[in-house]
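Single-letter residue listing:
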Amino acid sequence: MIHGMRSLTGTGDPLPLDGLTVVAVEQAVAAPFATRQLADLGARVIKVERVDGGDFARGYDTAARGLASHFVWCNRGKESLALDLKDPRGLDVVRRLVADADVFVQNLAQGAAARLGLDAATLCAAHPRLIAVDISGYGASGPYADKRAYDMLVQCEAGLVSVTGTPEQPVKAGIPAADIAAGMYAFSGVLAALVRRGTTGRGGPVEVSMLEALAEWMGHPLHHTLHGGTPPVRTGLAHAVIAPYDAYPTADGGRVLLSVQNDREWRRLAEQVLGRPELADDPAFATNPARVAHRDRTDEAVAKALSVLDADEAVARLEAAGIACAHLRDVHELAEHPQLAARDRWREVGSPVGPLRALLPPITLPGGDEARMGAVPALGEHTESLLRAVGMTGDEIAALRRDGVIA
C-alpha cells in the first residue's frame, strides 16, 4: 500500500490530511488547484501526466525562471508520474495506484475518463471507500455537456463578464475565476466526502462543473436580477448602489479606494477629510440614495480633496476618520505587501530551477504543523519510484520506458 508521509518539520499536530493518498489525472488549473490544496494539507498527491510534454499548463509561459507560472502555482508538493494512458500497461499502473488511494481526481475532456474506466461512477463501484471527483466544464448531462470549456468561455457563459468592466466595455476577470471556483468546490467536496466516509465507511463520487461553480459565485448579481428585475450595471471600480465607493487619484500618481457604507461615515468624511462639513446635511449628499443620484458631484468632491495628498497621507487621514480604504496596488506591490511580510506568509518551494517564492495557503491551523509546501516536480520525476512502489521490476520499467509508455 502507498502511504502518505508525515511532515518531519512540524512540531504540532500533524496536518489534517496526513496519510491520505490522492491520484490525479489532471491538467490546466481547476483540478491541479484543487489537489494542490490537498497536498498543502498533508496528502500525498500523485499527478499523472502525459509522456509527451505532460500537463499542457507546463507550456503556457516561461515566466517563473523558465517554468510556467500557472504550473508553479498549482502543482507544488506533488509527485509526477508520466504515463501513456492509451497503452493498456500505462492504464494498468493508474488502476493499481487507485486501488490503494483515498481520493481520485480527474478533469479530462468530457467522456475521456469514462472511455478509460476512470470516471467517478466506475471507480467508486469498484472501490467503495474511494472518493472520486469528476471536474467538467458544464456537467455530464445537458446540451452543453460536450462543449469545450476554457476559463474565459465559462466566465462569459456564467455572466461574470457582463457585470465586470466599465459601462462601455465588459471585461473578463484578470484571474481564472471559473477554474478557481471549480477547484475550490472540488477541494471542499473532497473534505466533505472524507467526513462522510469517516462516519459511514464509504466514499463516493463528487461532481463539480465550472459553470455551476461560477454561477454560485454570481449570487449577488443573480439575486439582484431575479428579484429586482434589472441586472447591476458595470461601474468599473465604483459600486453600483453605494457612493462614494471608488478609487481616486492622489498627488503622487497613486490611487486610493474608499467606501462609505452609511450616512454617519459620510458625515465623518465630509468633516474630517473633505473639509466641507456642510455636505453632511446637504440634501444632495446627506443620504446614500442622494449621493448615488448625484454621483458625479459626490466623486468630484472626494477627488478634489484627495488630489492634493499623496497615497499614504490620504490613507492615514481616511483611517483616522474611520473610513474604509485601500491602496490600489499592482502585482509588484502585492508581492511586497507589508501585511503579508508582517505575518510571515512567504516561503520558498523547491523546483527544477531552484527555490521559488510562494505564499503559504490561506488556511492556517494554529497549533499544528505548517502547510507542507513541497517542491514543484519535473515531468516524470517520480515515475520510477512510483512504479517500483506498485511492484514493478527494473526489467518491466525498462521495457515501458523503451516502448514510450512512461517518461
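Everything quoted here is computed from the prediction, not taken from an experiment.

*Asks:* Explain the sheet that holds strand E5 (residues 131-136) here, please?
*Replies:* Within a sheet, adjacent strands bond to each other through the backbone by hydrogen bonds, running parallel or antiparallel. Strand order in this open sheet of six strands is E3-E2-E1-E4-E5-E6, and the pairing throughout is parallel. Two strands close off the open sheet at either side, each with one partner strand: strand E3 (78-82) and strand E6 (204-209). The mean angle between the axes of side-by-side strands here comes to 20 degrees, regardless of whether they run parallel or antiparallel. Pairing analysis gives five bridges linking strand E1 (residues 21-25) to strand E2 (residues 44-49), with the strands arranged parallel. Residue pairing for E2: Ala24 is matched across the bridge by Lys47. Across the face of the sheet, helix H8 (residues 210-217) comes into contact with E5 and E6 while running at roughly 65 degrees to E6.

*Asks:* Sorry if this is basic, but what is going on with the side chain of Asp40 here?
*Replies:* Tracing the backbone through its elements, the reader meets Asp40 in helix H1 (residues 30-40). Ignoring anything within four residues of it in the chain, the contact list for Asp40 reads Leu15, Arg76, Pro361, Ala371, Arg372 and Met373.

*Asks:* Looking at this model, I keep getting lost on the packing of H1 against helix H7 (residues 177-200). Mind explaining?
*Replies:* For any two helices packed against each other, the geometry is given by the interaxial angle and the distance between the axes. Put simply, H1 and H7 touch, their axes get as near as 7 Å, and they point 40 degrees apart. Judged on the interaxial angle alone, H7 and H1 are oblique. For H1 against H7, the interelement crossing comes out right-handed. Facing H1, whose interface residues are Ala30, Phe33, Ala34, Gln37 and Leu38, H7 presents Asp179, Ile180, Ala182, Gly183, Met184, Ala186, Phe187, Val190 and Leu191. For the contact of H1 with H7, a count of residues per class yields eleven nonpolar, two polar and one charged.

*Asks:* How do you make sense of the confidence of the model for the protein when you look at a structure like this?
*Replies:* Detailed reading of predicted coordinates is not advised where the pLDDT is low. Across the protein, the average pLDDT comes to 95, with 97% of residues at 70 or higher. The low-confidence segment residues 1-9 (pLDDT under 50) makes 22 contacts with residues lying over four places distant or belonging to another chain.

Calculation notes
- Residues numbered from 1 in each chain as written.
- Predicted model: local features only at pLDDT ≥ 70, side-chain atom pairs only at ≥ 80, totals over all residues.
- Heavy atoms only, no water.
- Pairing = 2+ DSSP bridges.
- Helix = DSSP H or I, 4+ residues; strand = E, 2+ residues; numbered from the N terminus.
- Axes fitted to C-alpha atoms, helices over the stretch in contact; angles between N-to-C directions.
- Contact = heavy atoms within 4.5 Å.
- Parallel < 35°, antiparallel > 145°, perpendicular 65-115°, else oblique.
- Left-handed = near helix turned anticlockwise from the far one by under 90°.
- Nonpolar A, V, L, I, M, F, W, Y, C, P; charged D, E, K, R; others polar.
- pLDDT = per-residue confidence, 0-100.

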